[in-house]
Amino acid sequence: MSHVVISGGGTGVGAAIAQSFARSGANVTILGRTKTNLQQQGLPYEVCDVTDAAQVQAAFKSARAARGPVAAVIANAGAATSIPFRKMTADDLRAMTEVNLVGVFNVWQAGLADMQTAGSGRLIAIASIAGLKGGAYISGYCAAKHGVVGLTRALAVELAQTGITVNAVCPGYVDTPMLDRSIANIVEKTGMSEEEAAATLFKSNPQRRFIETEEVAGTVMWLCSDSAKSVNGHALSMSGGEV
Ligand code: NAP
């Protein structure tokens, strides 16, 4: 892969993916809102909010000028809010769909023209098992991630004859800052210890553990390899058998 753009590359899953591509010799551009997190990765970056199409277009223009046409876009940026449905507002739902679904749309669309010119490319989203099954108190997040899976399946068919593949990776709980926030939220709401809160989350995984960011990075690397060129339109569960 010559030039790979990863949204949310300053932390967690996105940082692991970016470092894997960098180690493999690819040119990497990471995107995110927090400059200090992006800088800590020691990789080329563009500050942008994935919910803002104009900012995303500007970031891709600058990245393309510096490192060439984009061969793969990893739409990883996302956020999870936990709230009971009866307390949720339409604005809460919009916030979840803006970052988790429209954010994927914006970065994929910004990278597409380069891939169509090249006659090859990879569009990948980091969705979630919340894109494949329901979960209590995360209906907005689940709706948005199911939307990402729908977008993936439809676009895979639409682009099937262009040399571009489109896939979603759907992990269970991954050990990242997002998970730390979920554990802290359970501790605050229930008075459980951190260990007890963590156990309530990883018991949903039949392997009884959290997934490591490196596992997700390895799967994305494989999806970008030539040997995965027939893998198209998948929502690949990485959940230890939960889904
Ligand atoms: P994380 O460390 O919180 O990473 C999320 C990244 O997205 C951050 O770097 C954040 O950077 C960026 N981001 C958020 N909103 C953004 C926006 N509007 N514009 C640009 N960047 C934005 O959490 P993570 O676990 O690595 O999450 C990565 C992806 O994996 C997410 O899509 C998440 O839904 C998915 N996932 C996570 C888990 C899990 O258990 N951790 C499980 C399944 C799926 P800034 O805040 O600086 O912008």
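Predicted model only: the values in this text are computed from it and were never measured. (Residues numbered from 1 in each chain as written. Predicted model: local features only at pLDDT ≥ 70, side-chain atom pairs only at ≥ 80, totals over all residues. Heavy atoms only, no water.)

*Asks:* Looking at this model, I keep getting lost on the site of the ligand. Mind explaining?
*Replies:* Surveying the vicinity of the ligand reveals 28 residues, the closest of which are Thr11, Thr34, Tyr141, Thr176 and Arg181. One of the side-chain nitrogen or oxygen atoms of arginine 33 is found 2.7 Å away from an oxygen atom of the ligand. Separating an oxygen atom of the ligand from a side-chain N or O atom of threonine 34 is a distance of 2.5 Å. For the ligand, the protein covers 93% of the area, taking 870 Å² as the surface of the free molecule. Among the elements that make up the shell around the ligand, the one with the highest residue count is helix H6 (residues 177-190) (three residues). Here the shell around the ligand is built from residues that sort into 13 nonpolar, eleven polar and four charged. A domain split of the shell around the ligand shows at least three residues from each of domain 1 (3-174 + 212-238) and domain 2 (175-210). (Near = heavy atom within 4 Å. Polar contact = N/O pair within 3.5 Å; in protein donor to acceptor, adjacent residues only side chain to side chain. Areas by Shrake-Rupley, 256 points an atom, 1.4 Å probe, with all protein chains shown as cover. Helix = DSSP H or I, 4+ residues; strand = E, 2+ residues; numbered from the N terminus. Nonpolar A, V, L, I, M, F, W, Y, C, P; charged D, E, K, R; others polar. Domains from an automatic or database assignment.)

*Asks:* Help me out: how do you make sense of the domain arrangement of the chain in this one?
*Replies:* Often, the extent of an interface is quoted as the loss of accessible area upon association of its parts. The domain architecture assigned to the chain consists of domain 1 (3-174 + 212-238) and domain 2 (175-210). With centres defined by C-alpha atoms, the gap from domain 1 to domain 2 works out at 24 Å. Contacts between domain 1 and domain 2 engage 13 residues on the former and ten residues on the latter. Of the roughly 870 Å² buried between domain 1 and domain 2, counting both surfaces, carbon and sulfur atoms make up 58%. Interface area lost by domain 1 to domain 2 is led by Tyr173, Val174 and Glu212, which between them contribute 56%. Its salt-bridge partner being glutamate 215, residue arginine 209 comes within 3.1 Å of it at the nearest N-O pair. Where domain 1 packs against domain 2, one counts two residue pairs in polar contact (both at pLDDT 80 or more). Secondary structure elements with two or more residues in the side of domain 1 that touches domain 2: helix H1 (12-23) and helix H8 (213-224). Classifying every residue of the side of domain 1 that touches domain 2 by side-chain character gives six nonpolar, five polar and two charged. (Contact = heavy atoms within 4.5 Å. Buried area = accessible area lost by both parts, 1.4 Å probe. Salt bridge = Lys/Arg side-chain N within 4 Å of Asp/Glu carboxyl O.)

*Asks:* How should I be thinking about the environment of tryptophan 108 in this particular structure?
*Replies:* For tryptophan 108, the location among the structural elements is in helix H4 (residues 90-118). Residue tryptophan 108 is classed as buried on the basis of its relative accessible area, which comes to 2%. Here the alpha-carbon distance between tryptophan 108 and valine 56, two residues 52 residues apart in the chain, equals 9.9 Å. Apart from residues no more than four positions distant in its own chain, tryptophan 108 is found in contact with Val73, Ala75, Leu123, Ile124, Ala125, Leu151, Thr152, Leu155, Val166 and Asn167. (Buried < 20%, exposed > 50% of the residue type's maximum accessible area, 1.4 Å probe, protein only.)

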